[in-house]
Structures are given as C-alpha cells and as structure tokens.
Amino acid sequence: DYQTEQEARRKSGAYRKLERLCENVDRIVSLGEDGNWIWRHSRNGIAFDCIWPKKYAERFLWSGVKRVVLLSATLRPYTMRLMGIKNSESWFHEWRDPFPAHLSPVYWVPTGKMGRHEGPEAMERSVARTDEMADIWAPNHKGIIHTHSYERAEEVRAKSKWGKWMIVNKDANDIHTAEDKYRNARPPAILVSPSFSTGFDFPDSACDWQVINKLPFPKRNDPVVMARMESDDQYYNHETMQTFVQATKRGTRHERDGCVTIVTDDAVGNFRKYAREYAPKSFKVLDAPGGRVPGVPEWMRK
C-alpha cells in the first residue's frame, strides 16, 4: 500500500517506465535473432546498429504500397539494391542534369594522397594547397573546406595562414552555431568542417568555392562498415562516391548558381575511374588546367 497519493503516482510512473524498458529490450533481442544487428558501447551506454535496413524496408518503409517514386540527384541502380528493390521490380531513369556543368566544375589539383598511413608531410602539403585556393578566392568570396573529421578541421585552422577567418564546429552539437556564424559573415569567411557535405544549402554568394582535402571514405574500423563490406564488396565505393558528389553540390543550388570545387587528395585520380558507376553520368572530376589552383572565372566576378 502507498502512504500517499503522490507516492503512488511516482512509483506507478517508475513501474511503467520499467515495463517499457523491458519491452524495448525484448524487441531488440528478437530482432537480433536474424543476425542483422551489432551492439557496441557508446558515451550514453549501449548502442544498437542495423547492418542492412533493407531487410525491414517492406514492413516499415514501403508498407505494402504498390508503386513508389524515388527521386534523388545521386540515385543509382545500386542504391535501389541497398533499399531491397530488385531490378525486376523497378524502372530506373536518369534525366539530363539541368545545372550547367561549367558553373560548378570539380577539379583535381595534384597535391598528394591523404590516406591513413601518410605522414605529417601530407597534411602540410594539403594545407599549403588550401591556402593557395584561399589566397585567390577568400578575399571576395566565401568558401567551404570539407574535412573528414573534427580533429582534422581544427588542424587545418591551426596550420593555415587563413586560420583567423575559418569557422569550425567542435562536434555535431555545434553545427548550427557554426552555420549561422558563417552565413552571417562577410568575406573572408571560410567554413571548415566534416558536417556540411550533405543536407545543407549554400546558394549564390553563400559559397563560391570549396576544397575537399580527403575523399570521404567510410571508416574501415567502424563495426557496421566492416560488416557491410564483408557481405557486399560494392558498398564501400558506393558510399564514398555518394558523399563525394553530395559535397561538391553544396554551393550549387539552382540553374544559374555556380561554385568551383577542388580536390587535393590524389586518390581521386583512380577513384573517379573505378567508382564511376556510382556517380551520376553528368558528374566529372576534371584535371586542373596546368595542375594549378583555378582562378575566379569571369562570370563570377560580375
């Protein structure tokens, strides 16, 4: 028996919370029986990750809908497979890119590889090349430097002579603070982060130039990435190309918009060839004329 009504409410609430927790644990355990889940320790306790969401797509996503239309600028036939859609059950069509290619070129400026096993010299070369780009563009044009980690973003700011004009977010919780600061700033303003390669719009003068200093390969030591690679050898290149293409389009948001992107990771030289099938047909990585950082085009100066 409860001594007071307040005690009854408090303990009843605790019991209901415990019941919900038990139900969630039972559900996770039942899902784990199909071998499609991975658990690991996280900052907040135990995290559960699904290896292949496509196994549950029909039940939770399509839900018996007879016909579904999927639209994306980076949608590829392989992407359909990742969602559990068979070739025999789909029709894929790619329309012409409405954005003029000359307004948003992507150039490879040879600088050196930025792999896991490269020494500090690789970073020095990368920052030096980024500074070359900033020397030409930053005084009058805002730009974004896409890094593959928050630590690398801080390192770029620390080593660059343009560091005092660089805006860096420390983690995922600080994204919108950095975004607002960048949007409200005038040139020179440079956003340096791994957070803005997808899902953000920077049209017109909000972003005229970009630097990708390392191809966005998924982390090979991530348990989910490892599990997916073990069962599908196309996954790794597809994920890299999808993120790569998305990043190059952050500053090109309509037919008259333009943004010049340079890639300073020499791994792109071969990657653009062997992973070609995972990119839209219109997407190309061009050799920078003379191997040099491009200047501001005449049409952008007007």
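Values in this document were obtained by computation on a predicted structure and should not be read as measured data.

Chemist: What is the right way to look at the overall build of the protein chain in this model?
Modeler: What the protein chain contains, in helices and strands, is 10 helices and nine strands. Dimensions along the principal axes, computed over C-alpha positions, put the protein chain at roughly 80 × 55 × 40 Å. When burial is assessed residue by residue, the protein chain has 42% of its 302 residues classed as buried. Sequence-distant contacts, at least 24 apart, represent 73% of the contacts inside the protein chain between residues at least 6 apart. Accessible surface computed for the protein chain: about 18,200 Å², of which carbon and sulfur atoms make up 51%.

Chemist: Whenever I open this one, the nonpolar core confuses me. Can you help?
Modeler: In a soluble, globular protein the nonpolar side chains are often hidden away together inside. Core analysis: the biggest nonpolar cluster contains 26 residues, and Met133, Ile190, Val192 and Trp209 have the highest contact counts within it. Where this core is concerned, the elements lending two or more residues are helix H4 (120-137), helix H5 (150-159), strand E5 (166-168), strand E6 (190-193), strand E7 (209-212) and strand E8 (260-263). Tallying contributions element by element places H4 first for this core, with six residues. If we ignore the near neighbours within four places in the chain, the residues touching Ile190 are Ala134, Ala138, Gly143, Ile145, Trp162, Trp165, Met166, Ile167, Tyr182 and Trp209. Within the second largest apolar cluster, 25 residues are counted, among which are Val225, Ala227, Tyr235 and Val245.

Chemist: Is there a simple way to explain the environment of Thr252 in this structure?
Modeler: In this fold, Thr252 is placed in the loop between helix H8 (235-248) and E8. For the pair formed by Thr252 and Leu18, sequence separation is 234 residues and the distance between their alpha carbons is 50 Å. Apart from the residues within four sequence positions on either side, Thr252 is in contact with Phe99, Ser104, Asp257, Gly258 and Cys259.

Chemist: Which parts of the structure should I look at to understand the environment of Thr4?
Modeler: Mapped onto the elements, Thr4 comes out in the segment before helix H1 (5-31). It is 65 Å that separates the C-alpha atoms of Thr4 and Ser160, two residues lying 156 residues apart in sequence.

Chemist: How should I be thinking about the pattern of salt bridges in this particular structure?
Modeler: When charged atoms on two side chains of opposite charge get close, those side chains can pair. Summed over all chains, the structure comprises 13 salt bridges. Its salt-bridge partner being Lys161, residue Asp135 comes within 3.1 Å of it at the nearest N-O pair. Here Lys161 lies in the loop between H5 and E5 and Asp135 lies in helix H4, a separation of 26 residues in the sequence. Salt-bridge contacts for Arg157 lead to Glu154; the nearest nitrogen and oxygen are separated by 3.0 Å. Linking Arg157 with Glu154, this pair stays in helix H5, spanning three residues, or about one helical turn. For Arg157, a relative accessible area of 28% puts it in the partly exposed group. Within this structure, Arg40, Asp49 and Asp222 form a network of salt bridges that share partners.

Chemist: I keep staring at helix H6 (residues 175-184) and nothing clicks. Help me out?
Modeler: Each turn of an α-helix holds 3.6 residues, which means side chains three or four residues apart point in the same direction. Among the residues making up H6, those that are buried are Ile175, Ala178, Glu179 and Tyr182. Taken around the axis of H6, the buried residues stretch over an arc of 100 degrees, which confines them to a single face. Within H6, the exposed residues directed more than 90 degrees away from the buried face are His176, Thr177, Lys181 and Asn184. Each element contacted by the buried residues of H6 is listed here: strand E4 (143-146), E5 and E6.

Chemist: What exactly am I supposed to notice about the packing of H4 against H5 here?
Modeler: Their axes nearest at 10 Å, the elements H4 and H5 cross at an angle of 65 degrees. As the angle between them shows, H4 and H5 are arranged roughly perpendicular. Here H4 and H5 pass one another in a crossing that is right-handed. Each of Met123, Glu124 and Val127 in H4 lies in contact with H5, whose residues at this interface are Arg152, Glu155, Val156 and Lys159. Looking at the contact of H4 with H5, its residues break down into three nonpolar, no polar and four charged.

The rules behind these values
- Residues numbered from 1 in each chain as written.
- Predicted model: local features only at pLDDT ≥ 70, side-chain atom pairs only at ≥ 80, totals over all residues.
- Heavy atoms only, no water.
- Helix = DSSP H or I, 4+ residues; strand = E, 2+ residues; numbered from the N terminus.
- Buried < 20%, exposed > 50% of the residue type's maximum accessible area, 1.4 Å probe, protein only.
- Contact = heavy atoms within 4.5 Å.
- Areas by Shrake-Rupley, 256 points an atom, 1.4 Å probe, with all protein chains shown as cover.
- Core = buried A, V, L, I, M, F, W, Y, C linked by side-chain atoms within 4.5 Å.
- Salt bridge = Lys/Arg side-chain N within 4 Å of Asp/Glu carboxyl O.
- Arc of directions from axis to C-beta.
- Axes fitted to C-alpha atoms, helices over the stretch in contact; angles between N-to-C directions.
- Parallel < 35°, antiparallel > 145°, perpendicular 65-115°, else oblique.
- Left-handed = near helix turned anticlockwise from the far one by under 90°.
- Nonpolar A, V, L, I, M, F, W, Y, C, P; charged D, E, K, R; others polar.

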